[in-house]
Every structure is written in structure tokens, then in C-alpha cells.
Amino acid sequence: MTQLSARLDSMAGLGRNLQEVDAGASPDDPPSFVTEPDPSTAPANVPALPIQLEHLLARRLPRIGPRTRMFRRAHFADVKDSDWHDWKWQLRHSFKTTEQLARVLELTAEERAALDRCGSLLPVAVTPYYMSLLDGFDADCGLRRTVVPVQNEFLRTPGEADDPLDEDGHSPVPGLVHRYPDRVLFLVLDRCATYCRYCTRSRVVGQDELRPGRERWDTALDYIRSHPEIRDVLLSGGDPLTLSDERLDYLLGELRRIPHVQFVRIGTKVPAVLPQRITPALVKVLRRHHPLWLSLHFLHPAECTPESAAACRRLADAGIPLGSQTVLLKGVNDDVAVMKALVHSLLMMRVRPYYLYQCDPISGSSHFRTTVEKGLEIIRGLRGFTTGYAVPTYVIDAPGGGGKIALQPDCLVGRDGGDVLLRNYEGNIHRYPDGQAALEAAR
Ligand code: SF4
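Here the structure is a predicted model, which is why all the values come from computation and not from measurement. (Residues numbered from 1 in each chain as written. Predicted model: local features only at pLDDT ≥ 70, side-chain atom pairs only at ≥ 80, totals over all residues.)

Topic: the site of the ligand
Lining the immediate environment of the ligand, one finds Cys192, Tyr195, Cys196, Cys199, Arg201, Val205, Gly237, Gly238, Asp239, Lys269 and His297. Within the shell around the ligand, the residues separate by chemical class into 5 nonpolar, 3 polar and 3 charged. (Near = placed C-beta within 6 Å. Nonpolar A, V, L, I, M, F, W, Y, C, P; charged D, E, K, R; others polar.)

As C-alpha cells, this is what we get:
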């Protein structure tokens, strides 16, 4: 393995066994998706990308990534292809208990203690596919930390709250949040394919409080029908794409029948944790309800696998615009090189990096939260140094329900006569004649 691909692996905490994967691949296997750049030409400080552009352009995506292939051989060797690629099989075989997790992960005492304490809090569930992306031997693996609890999850520090965004305070009917004038957040269910330990809605997710019942949905739909100012509905939860095709079709159809609802969005982590769910049948349902946009939740370049790329391609081919929302997490993606590899991979998967979120101060999140300066440092490391489309907007969702506030590194450094003084991405100061002010200065 080259130094460069080793670096990307170590960033994900996934540094083991890739050589074994490739060594174990049969001659008929599709080419590995892990880039093996030529060390004589590649600059030493550029991390490898998990997705190879030529594969995407040639539409020759391997059906299964090398790490996942190896995991399957080790733990699900007898499982038929048709089962492995079936999203319902994946959900049925999710890892939920300490015993199940211990079969594939070398659990630390810390992780075991946290798993035993989880009880009634945010559940633990990891699909076999997503489990294949974690490092079984390294508890510091970034992706592993996002789905396997640790004791810090039970530590409440100043400023944290169970509902920091005061969604409950802006909820006129159960599961509907009406904070902004022209749009609502509709929490259609409280179940997810895989549970993220930093989830903003951990107070309700997996708690059986927001079931996808017809009665609750109809109450929310009635509220939307009776508020003509609502032109935009964001479906979230829980993960709406874990609903059946029929239920999604019903819900989207009802929303589409409301004349003032112009725009429907779905927030989902499914393409990252359960890409098998993006079936032709699901896509057929979704494309019936345009204009429909999807906000995908990707965290790390290690999630950009052949499987997730194929899922995104299917959605994009159906004309669904794809944006990504990434939460900035300490020890997971708080590094310019990791973030750059992620946004580049997303663009190649036809996903526009949309928001970079400062982690919300939910209870037990201190081990995930970075400083705000770290977020600005990442934006400084992207802006100007890569394609503008690759640079997400860095936002803080203001505690208490203040809404999203966008943060930019300071570019406006002052004025001189009629000019504004601007700092560019290289740190150089440039002048710009500022309209009327420049004219008055010239008089
Ligand atoms: S998928 Fe979304 S709603 Fe579900 S646990 Fe993760 S962040 Fe929370």
C-alpha cells in the first residue's frame, strides 16, 4: 500500500488489511476503488480519494467495495448476494446488542460499559454494510466513534441540552416544527437505519414517540393545508427513506396535492449507511413527486464507496438534486485534508456539498464538538484552494431556535478612502473600489 492511501486510511482509522483485500481479490473482480497513486508523481500532502473518477465516468462501478467484500467474506460468507444487496435483509441483520457488536469489533471496556448503559437512550444499530466500513480493532476509528457509544455520551457539560434548538417549543402539532415563516420540518418517523451518536434529535429518535402513524401524519398534513404561507416541507425524522415505498408514495402524494407546497425535501443518511435501499422501485416513486430535493448526510470520505456512489447516481439520474449536510466532528472529520477528500468525492458522486454544521450542543456531545475556530480553519483551507462548488456553507444552528447562522472567515479587513480592503485565500490584501463611496472619495 502506498504512503498516500495509507494516509487516507489512517484518517478514517481504517488502516488495516487493504493489501489483504486486493491480494484476495479474484482476477474477475472489478478494480479496487482505493486509489493507488503513483508515488513518484503524486504530491505527498494530497490524500487519496476513495472514488476513482475514471470508474464514475465510465460507469464501471464495482458492485461492492474492497473493504466490504473482505468483511463479507469474514463474517457473512454464507449469505447470498441477493440477501446482502437487499435493504430489508440489511436492516434485519443490523448490529444492535453488545454481543452482536462484539462478534465483529474488538470492543474496549469503555465501549462495553457505554453499551450496557444505553438502555432507554438513543438506540444502537449499525447495518452490516456500514459495519464493514469501521475498523474492528481501533476504537479511535472516526466512523466507529460515530455509531458505537462511549461513556462521554452520558456526560452533560454546561450549555448542553436535550433539545438545544428548541424544536419542541416550535412544534404546533406532534412531529412538525414550524420555526421559519415559509417552511416546516416534518418528522415523519423516529427510526433510522443506523443511529449517529451525535444526533440532534436523540431525545426522540428511536424512542417510539414519533411513529409513522396515519393519524399523526394526517394531523400534520392538516396543519400544512391550513397554512398557505408554507411553501417548503422538509421530511426528516428518523430517516424517511426507511419507510416502505407505498408509505412514501402516499405521503409525498398528499403533500403534492396541497397547492401552496412548492418544494419538498427529504433529509436522509440512507445513501451512506444503507445504499441498498436506493432501489429502482424507490426511485420510480420519488421521481413521481418532482420537484423533490434530497439532503444527504455524509461525514467522511470513507463513506464514499462504490455502493454509495451507485445509490447517488441512481437518484441523480432520476433528476433529483443532491446536496450534502456534514456535521463537523472532533476526531472524525476536523481536518482540512479529510474534508477536502470528502467534498471532492461528493462532487464526483454528483452531490453538492451544501452545509457544514457546527455540532449542536446536545446532551453528551462534548467529545464530538470542535471549536468554532476549527470550522473556520476548514473553510479557509477549502475556499480558493478548490472548486467553489466543493465549499459548503459553514453554519451554526443557534441554540434556542434562532435558526442557522452562516460563518465566514474574515475577508473584509477595512477601508481606505473609497476602497474596501479584502483578504484573499492566500492571505494577500486587495482593494476594491466600493461604488458610491469610491465616487465620493474621488470628488
Ligand atoms: S440518521 Fe439522522 S436522525 Fe438518524 S440518528 Fe443519524 S443524525 Fe439522527
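Structure's up, so let's keep going.
A look at unusual backbone geometry
Of note, the amide linkage connecting Gly237 to Gly238 takes the cis form, showing an omega dihedral of 20°. In this chain, His290 is followed by Pro291 through a cis amide linkage whose omega measures 0°. Within the secondary structure layout, Pro291 lies in the loop between α14 (280–287) and β5 (292–296). A positive phi angle is found at Arg350, which is not glycine, with a value near 70°. Tracing the sequence through the fold places Arg350 in the loop between α16 (336–348) and β7 (352–358). Residue Arg350 is classed as partly exposed on the basis of its 16 C-beta neighbours within 10 Å. (Helix = DSSP H or I, 4+ residues; strand = E, 2+ residues; numbered from the N terminus. Buried ≥ 20, exposed ≤ 12 C-beta atoms within 10 Å, placed from the backbone.)

With respect to the pairing of strand β1 (residues 176–180)
Along a regular strand, successive side chains alternate from one face of the sheet to the other. Inspection of the sheet shows β1 paired to strand β2 (residues 183–187) by 3 bridges, in the antiparallel sense. By the bridge assignment, Leu176 is partnered in β2 with Phe186. Between the end of β1 and the start of β2, which pair antiparallel, lie 2 residues. (Pairing = 2+ DSSP bridges.)

Structural notes on the environment of Leu421
Looking at where Leu421 falls in the secondary structure, it is placed in strand β11 (residues 419–423). The exposure class of Leu421 is partly exposed, given the 14 C-beta atoms found within 10 Å. Leu421 sits 10 residues away from Cys411 along the chain, and the two C-alpha atoms are 8.4 Å apart. Setting aside chain neighbours within four positions, we find Leu421 in contact with Val413, Gly414, Arg415, Asp416, Ile429 and Arg431. (Contact = placed C-beta atoms within 7 Å.)

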